[in-house]
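# Chain and residue survey
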Amino acid sequence: MSVPHVSFTVRAVLPSDISAWCSLRRLLWQHVSDDDHLLEAQELLTDPHRYVAFIVLSDDNAPIGFAEAAVRRDYVNGCKTSPVLFLEGIYVVQEMRRAGIASALCAAIGQWGSDHGCMEFASDTQVGNAHAQALHRALGFEETERVVFFRKRLIP
Ligand SMILES: CC(C)(COP(=O)(O)OP(=O)(O)OC[C@H]1O[C@@H](n2cnc3c(N)ncnc32)[C@H](O)[C@@H]1OP(=O)(O)O)[C@@H](O)C(=O)NCCC(=O)NCCS
């Protein structure tokens, strides 16, 4: 199921995009405070060889999607090479979904990763996020592992 053709622009974020970018970040990572979104976005912009973010703008310049990625040099589950391009987050506003926006974001990020020496593109998502899993499969990602995270408090 695809929506009718919509036109949009995908480009790397600029410092002047921080407010629009953080408004999208808040929709994806709702548990993060506004201050932390701002700090994380600023930090990401300070290390352009390690991090990248793309924003998507509609014809009338409204922010409608974003994605962030990092070059990871530590071990990435299921990967065989290093460094690995890792998709840290991707979001498209509800009313613009199924128009190819996430696909365009992943293409832009993949190109950036190739240009930065990565041979593999990795990602993760919640076990219950069927939409994100469908997107990954449609874009040619193969499932590698399912893991369970644990935590234990060391200091009472
Ligand atoms: C997942 C998400 C980013 C997909 O964005 P999108 O712009 O709608 O994705 P695309 O239009 O590029 O989809 C490309 C293909 O992926 C698959 N796909 C994407 N969303 C799907 C869905 N909800 N159900 C089934 N397949 C889906 C389809 O094969 C689709 O091609 P088609 O529309 O021609 O059938 C979007 O639904 C979203 O923002 N969800 C909330 C945030 C989220 O879950 N992020 C991922 C965390 S890892």
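Scroll up for the structure.
First things first, this report covers the structure right here in the doc.

What counts and how
- Residues numbered from 1 in each chain as written.
- Predicted model: local features only at pLDDT ≥ 70, side-chain atom pairs only at ≥ 80, totals over all residues.
- Heavy atoms only, no water.
- Helix = DSSP H or I, 4+ residues; strand = E, 2+ residues; numbered from the N terminus.
- Buried < 20%, exposed > 50% of the residue type's maximum accessible area, 1.4 Å probe, protein only.
- Pairing = 2+ DSSP bridges.
- Axes fitted to C-alpha atoms, helices over the stretch in contact; angles between N-to-C directions.
- Contact = heavy atoms within 4.5 Å.
- Polar contact = N/O pair within 3.5 Å; in protein donor to acceptor, adjacent residues only side chain to side chain.

Further remarks concern the side chain of arginine 25. Of note, arginine 25 is situated in helix H1 (residues 18–28). A relative accessible area of 3% places arginine 25 in the buried class.

Turning next to the sheet that holds strand E3 (residues 63–72). Strand order in the open sheet formed by 5 strands is E1-E2-E3-E4-E5, with mixed pairing between adjacent strands. Every other strand in the sheet has two partners, leaving strand E1 (8–12) and strand E5 (121–123) as the edge strands with one partner each. Across the sheet, the axes of successive neighbouring strands diverge by a mean angle of 25°, strand direction being ignored. Packed on one face of the sheet, helix H3 (residues 101–115) meets E1, strand E2 (51–58), E3, strand E4 (84–92) and E5 and runs near 155° to E4.

Right, let's get into the side chain of aspartate 17. Mapped onto the secondary structure, aspartate 17 falls in the loop between E1 and H1. Here the side chain of aspartate 17 touches arginine 11 through a polar contact of 2.6 Å, side chain to side chain. In this structure, aspartate 17 is in contact with Arg11, Ala12 and Ile55, ignoring residues within four places of it in sequence.

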